[in-house]
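Structural features, examined
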Protein chains: 2
Amino acid sequence: MPELRWGPLRRRWVIVAPERGKRPSDFRAQSPSPTAADECPFCPGNEHLTPPEIARTPGPAGWAVRVVPNKFPALADYPELELGKKGPFRRATGLGAHEVIIDSPDHSRDLDRLPLEQVERVVDMYIARLGALRSAGRFQYVQLFKNHGKGGGASLAHPHTQIIATPVLPPEAQGRLSAARRHFAAHGRCLICQLVEEELAAGERVVEEGGHFLILSPYDARFPFELLVLPRAHSHRFVELSGEGRTSFARALQGALSRLSSLLGDVPYNFVLHTAPCGGDWPGIEDWYHWHLEIIPRLTQLAGFEWGTGMFINPMSPEAAAEHLRTAV
Amino acid sequence: MPELRWGPLRRRWVIVAPERGKRPSDFRAQSPSPTAADECPFCPGNEHLTPPEIARTPGPAGWAVRVVPNKFPALADYPELELGKKGPFRRATGLGAHEVIIDSPDHSRDLDRLPLEQVERVVDMYIARLGALRSAGRFQYVQLFKNHGKGGGASLAHPHTQIIATPVLPPEAQGRLSAARRHFAAHGRCLICQLVEEELAAGERVVEEGGHFLILSPYDARFPFELLVLPRAHSHRFVELSGEGRTSFARALQGALSRLSSLLGDVPYNFVLHTAPCGGDWPGIEDWYHWHLEIIPRLTQLAGFEWGTGMFINPMSPEAAAEHLRTAV
């Protein structure tokens, strides 16, 4: 069963989930090719191949969006979070949730090529599931993310999104919360509201500014063609998107992904949502936090320098990336 | 020219080095296969294909170990570190150094299969170059690392090691320094000296304990078969290894890599050295910091969850990894 572990040298929780594991010989082989449509557990007609369904949006094929538990969950439904300590080490039960949102019945079309109404249904389901996991009251954070392509870590080709709810506040969320709170304390205004303003004024990193969202290549981009999708109106929680905001976000997300695929082909990528945590005490968070989405095309390889230092080397300036992406449609 | 950039949301320096860059169409293609031996710039006879040599250890082929500047440096030899600020953003000239240590004239044998005396020569060169860059007095940190295999981020197949000297203290070094200092303040002893003791007592994560080094799979391993090489005697700086210590380290490093390749084949990996910084004021660091080396086999794919949270999911327990590696020779 999954377990959380913490060591005194790195001081970060790691999830050890050996059910997902393999024998050493399995690691030697290349990971299997994405499953063909006729045996794909996410295709219509193969619903019996997934664990019992959590939610669905009705559609002509029986469903338009479907949510199922991950068959190899990183975290699991323990009765409670038990903490342990042994010498300098800490451990905790791997309490959490791990869900898969099947984006559509279509095995081969990712969000960039689905009809906009379908992307809206997907966004509605993101909000429904994030809301449900938040209300469960058992988690500190709920991470929504997408892995696309083998290079993006997807083990199944059928387009899908994932949600992992964690019983601890992850370090990346902690870092962004601290940064935003600190900025608000020092400058009396929201960091991302200011970023939106600065980036619109500078212009050179802006990819798209229509609608309710700003798409840009960040000043401190770690990767070529990395993108940030920022809501122009202040809001600390993704789940509070209104009906109109959802349509606009679906269009922005599809627009960003379409630009990437039109410029780079079927590029492997990840996207990750950064939104307010479910747990913890964060006075005034509605004023100083501002949700956002990061899109990371997986074109470069992490290597020793990045592991050793925690710094990234980006071989493309974000200004050049934005220029290329502005002209891609 | 390379530049350092810092943004207020992530608060970490990123190196933007567009000389290393490509057009969008170059990113679409797979990276080129490792160069064949007859046109390999690191093979004997092709010395004219590298930038002017920095250092060499003499040998039968003219040299046994050779050091050259990286042809596409991540950081460069600027006259000085200029800092700039623009709104919420900071920048700095990409001051630093980026060297390549060619491990041996042999195009196809990595450290696991070279004669021990050659590994010792490589270790001697690590110490010579780290010492020289430290004495330059211009850098805050010097990161030594190795990328092996395409999956490890190596762009050339001929075995080599790299050193990048940075003008800022990298976040990973900062984190380990803080952890070690905090532990010493709280417990009055070195964190890694204590880890060595605890791991030897527990036994289950130990891979090898002979000689002056302990090889183990850490309690909070992020990756399957991740290894930590710890000097058993306290020392804050790698460059202070004595003659006998160097031989012992060469044997430990070769031993660890041999176990990995014997169990997993020619596995892509990175290794990274964590040693005391060259800059900054760290009172008492000789008492509380303890250098160490991490080896990271690249068997799993980073994906959205890791980018979003900064947490890792390890599909193999370090106890199982250690058990497999103990029996591999």
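Residues numbered from 1 in each chain as written. Chains lettered and ligands numbered in written order. Predicted model: local features only at pLDDT ≥ 70, side-chain atom pairs only at ≥ 80, totals over all residues. Heavy atoms only, no water.

**A few points about the confidence of the model for chain A**
Detailed reading of the predicted coordinates is not advisable wherever pLDDT is low. Per-residue pLDDT for chain A has a mean of 94; in total, 96% of the residues score no lower than 70. Overall fold confidence (pTM) sits at 0.95, and the ipTM for the predicted complex is 0.96. (pLDDT = per-residue confidence, 0-100.)

**A closer look at the side chain of N147 of chain A**
Here N147 of chain A shows up in strand β8 (residues 141-148). Here N270 of chain A takes part through its side chain, which lies 2.9 Å from a polar atom of the side chain of N147 of chain A. Among the polar contacts listed, one links the side chain of N147 of chain A to the backbone nitrogen of G304 of chain B, at a separation of 2.7 Å. Those residues in contact with N147 of chain A that lie beyond four places of it in its chain are G152, G153, A154, Q162, Y269 and N270 of chain A together with A303 and G304 of chain B. (Helix = DSSP H or I, 4+ residues; strand = E, 2+ residues; numbered from the N terminus. Polar contact = N/O pair within 3.5 Å; in protein donor to acceptor, adjacent residues only side chain to side chain. Contact = heavy atoms within 4.5 Å.)

**Let's talk about the domain arrangement of chain A**
Residues and elements named next belong to chain A. Domain assignment breaks chain A into domain 1 (39-166) and domain 2 (171-327). The straight-line distance from the C-alpha centre of domain 1 to that of domain 2 is 22 Å. Listed as interface residues are 29 residues of domain 1 and, on the opposing side, 31 residues of domain 2. Between domain 1 and domain 2, roughly 2,600 Å² of surface is buried when both sides are summed, and carbon and sulfur atoms account for 59% of that area. (Domains from an automatic or database assignment. Buried area = accessible area lost by both parts, 1.4 Å probe.)

**Some details on the relation of the copies chain B and chain A**
Overlay of chain B on chain A (RMSD 0.0 Å): rotation 180 degrees, translation along the axis 0.0 Å. Classification of the inter-copy transformation places it as that of a two-fold axis. When C-alpha positions in chain B are compared against the rotation axis, the closest is assigned to L302 of chain B, at 4.5 Å. Looking at chain B, 100% of its interface residues are interface residues in chain A too, so the copies touch through the same face. (Least-squares fit on C-alpha atoms with pLDDT ≥ 70 in both.)

**As for the sheet that holds strand β13 (residues 269-274) of chain A**
All names here are of chain A. Pairing in this open sheet of 10 strands is antiparallel, and the strands run β3-β4-β7-β9-β8-β13-β14-β12-β11-β10 from one edge to the other. For this open sheet the edge positions go to β3 (55-57) and β10 (206-208), each flanked by a neighbour on one side alone. Neighbour to neighbour, the strand axes of the sheet diverge by 20 degrees on average, direction disregarded. Where strand β7 (residues 97-102) and strand β9 (residues 160-166) come together, 6 bridges link them in antiparallel fashion. Within β9, the position partnered with H98 by the bridge is I164. Docked against the sheet, helix α5 (residues 243-264) engages β10, β11 (213-216), β12 (227-231), β13 and β14 (292-297), running at close to 15 degrees with respect to β14. (Pairing = 2+ DSSP bridges. Axes fitted to C-alpha atoms, helices over the stretch in contact; angles between N-to-C directions.)

**Thoughts on the packing of aromatic side chains**
Enumeration according to the criterion identifies 26 aromatic pairs over all chains in this entry. Seen from their ring centres, F238 of chain B and F249 of chain B are 5.3 Å apart, and the 75 degrees between their planes marks the pair as edge-to-face. In this pair, F238 of chain B sits in the loop between β12 (227-231) and α5 (243-264) while F249 of chain B sits in helix α5, placing the two residues 11 residues apart along the sequence. For the pair F249 of chain B and W291 of chain B, a centre-to-centre distance of 5.5 Å together with 80 degrees between the ring planes defines the contact as edge-to-face. Remark: W291 of chain B occurs in the loop between α6 (285-288) and β14 (292-297) and F249 of chain B occurs in helix α5; sequence separation between them is 42 residues. On the accessibility criterion, F249 of chain B (1% relative accessible area) is buried. An aromatic cluster is present here, built from F213, F238, F249 and W291 of chain A joined pairwise through their rings. (Phe/Tyr/Trp six-rings, centres within 6.5 Å; stacked < 30°, edge-to-face > 60°. Buried < 20%, exposed > 50% of the residue type's maximum accessible area, 1.4 Å probe, protein only.)

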